[in-house]
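Single-letter residue listing:
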Amino acid sequence: MQLYKNQTLKVHNSLSGKKEVFQPINEGHIGMYVCGPTVYSNVHLGNCRTFMSFDMIFRYFKHLGFKVRYVRNITDAGHLENDADDGEDKIAKKAKLEQIEPMEVVQRYTVDFHNTLQKFNFLPPSIEPTATGHIIEQIEIIKEILEKGYAYEANGSVYFDVLKFNESNEYGKLSGRKLEDMIANTRELTAQDEKRNPQDFALWKKAEPQHIMRWPSPWGDGFPGWHLECTAMSTKYLGEAFDIHGGGMDLKFPHHECEIAQAEASKGKSPVKYWLHANMLTLNGKKMSKSTGNNIYPSEIFTGENDILSKAYAPSAVRFFMMQAHYTSILDLSDDALLASEKGYNRLMDGMENLKNLSTGTKSDFDINTWRQKCYDAMNDDFNTPILIAHLFDAVKHINLIKEGKESITEEDKTLLLNTLNTFVYDVIGLENQSTVKDDSNALGGVMDLLIELRNQARANKDFATSDQIRDKLTALGIQLKDGKDGTSFSIN
Ligand SMILES: [Zn+2]
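A quick note: this is a predicted structure, and the numbers were derived from the prediction, not measured.

Peer 1: When you look at the sheet that holds strand β3 (residues 29-34) in this model, what are you seeing that I'm missing?
Peer 2: Strands pair in a sheet through their backbones, by hydrogen bonds, and they do so in one of two ways: parallel or antiparallel. The 4 strands are arranged β4-β3-β9-β10 in an open sheet whose pairing can be described as parallel. Where the open sheet ends on each side, the last strands, each with one partner, are β4 (67-72) and β10 (272-278). Taking the axes of each pair of neighbouring strands and ignoring which way they run, one obtains an average angle of 20° across the sheet. Bridge analysis of β3 against β4 gives 6 bridges, and the strand direction is parallel. Residue pairing for β4: Gly31 is matched across the bridge by Arg69. Along the sheet, helix α7 (residues 226-238) contacts β3, β4 and β9 (242-248); its crossing angle with β3, the most-contacted strand, is approximately 165°.

Peer 1: I'm lost on the side chain of Ser234 in this one. Help?
Peer 2: Mapping Ser234 onto the fold places it in helix α7. A polar contact of 2.7 Å, which involves the side chain of Ser234, links it to the backbone oxygen of Cys230. A polar side-chain atom of Ser234 sits 3.4 Å from the main-chain carbonyl oxygen of Thr231. Setting aside anything within four residues of it in sequence, one finds Ser234 in contact with Tyr33, Gly239 and Phe242.

Peer 1: Where do I start with the coordination of the zinc ion in this structure?
Peer 2: In an ideal octahedron of six donors the angles at the metal are 90 or 180 degrees, and in an ideal tetrahedron of four donors they are 109.5 degrees. At the metal site, the zinc ion is ligated by Cys35 (SG), Cys230 (SG) and His255 (NE2), and these contacts range over 2.0 to 2.1 Å. The sequence pattern describing where the donors of the zinc ion fall on their chain is C-x194-C-x24-H. With Cys230 in helix α7 and His255 in helix α8 (residues 252-267), the pair connects residues that are 25 residues apart, well separated along the chain. For Cys230, a relative accessible area of 1% corresponds to the buried category. For His255, a relative accessible area of 1% translates into the label buried.

Scoring rules and cut-offs
Every chain begins its residue count from 1, and numbering advances along the sequence as written. The model is predicted, so local features are restricted to residues of pLDDT at least 70 and side-chain atom pairs to those at 80 or more, both for listing and for counting; the totals for chains, interfaces and linings are taken over all residues. Hydrogen atoms and water are omitted, and side-chain values are computed over all heavy atoms in the structure. Two strands qualify as a pair provided that DSSP identifies no fewer than 2 bridges between them. Numbering goes from the N terminus for both helices and strands, where a helix is a DSSP run of H or I of at least four residues and a strand is a run of E of at least two. Where helices are involved, their axes are fitted lines through C-alpha atoms of the stretch in contact, as for all axes, and angles between N-to-C directions lie from 0 to 180°. We call two residues in contact whenever any of their non-hydrogen atoms come within 4.5 Å of each other. Residues adjacent in sequence count toward polar contacts only when both atoms are side-chain atoms; beyond that, a polar contact is any pair of N or O atoms within 3.5 Å, and within protein one must be able to donate a hydrogen and the other to accept it. The donor set comprises N, O and S atoms within 2.8 Å of the metal, extended to 3.2 Å for Na, K and Ca; water molecules are omitted, so apparent gaps in a site may simply reflect that omission. Any residue under 20% of the maximum accessible area for its type is buried, any over 50% is exposed, and the rest in between are partly exposed; the area is computed with a 1.4 Å probe on protein chains only.

Shown next as structure tokens:
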């Protein structure tokens, strides 16, 4: 029997603002669509957190025995600067800047995206469709919306008529915005504007002669609006009704609101049953932003090469840090928080290692079945990974007591405990057992201290050939040295 038959799962649906009992449209099957990256730059850690939240959700559904079709797209055209209807295409702009083809930009950053996610031990989605691969489907939806009278053509572009749509539908229901407020807060249109109203959004944009990324359409050469690709690809692969649509909180408006409007205008109803939104990652208490420099990339965390870090961190320690927060809460990243998470991660790994070597007895002082259901209850409550992790540490506490001879466990319970820990730690929250930097009490720490000291002596003697040799040989062994204001530290890849 499938596990899901014994578990009642609740999810926070952004559309109702409530936790709802999760009931899939087709029993035993789940269709899930998550908005993927716009591949015009290296993926940053905040995006990784969003995708990691849905990776964890995907993993839990699979563990429960659901057949999951998980679609996560790649935006490789149509996403304009500032998420607006005017301005340059983000990918075309980068291509111009680097003097390469837009598809080279797409390839470069898609590869980076996949490599980074692989380091974090993500499972690949079932389908990863691209916007440029679905231009025909997008044109078909525009035709339908035009036929239904919710869009209009202007000078080779097609715009969605938000005011007309709002007469019969509710624009703003996902983000909780009212159209009247939006109208009151926007500027007047100028004579050059093609839109009837500032709230209208582009379904198709006419390509100016210099625009490289262009496709033929009934309205002339152009390219699709950003919101349209997700409506086209989600319904193509998941059907006109599917279970979950996810994405970052910042996509609620306008992106997801526009997706709902497009679907209701073309098909009469939105395909999505549950909208799930992952919250953002802040850095040292402030919003991450490229322009202010308050920003960090995954590669910088893995190497320790960022001023805010005292050392490098293994991907699994970072993943553990992310999983210690609920996916709908804001999470703040700092060096202190990472240090604490790394300690916790190591304690968990040590506990699991200790469990394997425990000797067993005739009775158990620890009720494994009750504990196990608590782990499920945490995950069933809108994927509450921080509560789950608290239960995992409760098990570690008992493992240590058994190791010290203060408690005992039967062989049968030991196997159940090991299997349950393996399930939640490796299969569900997706950690790997990676060697991370431990305290200096172990032999490696002592050897490294010695090497760092010898390197410092060499540098003090201006013997840079030797100091470089030490560093390079260590790098070749996968050990990175990092010089900081409090001395030199190291990390193992
Ligand atoms: Zn999307």
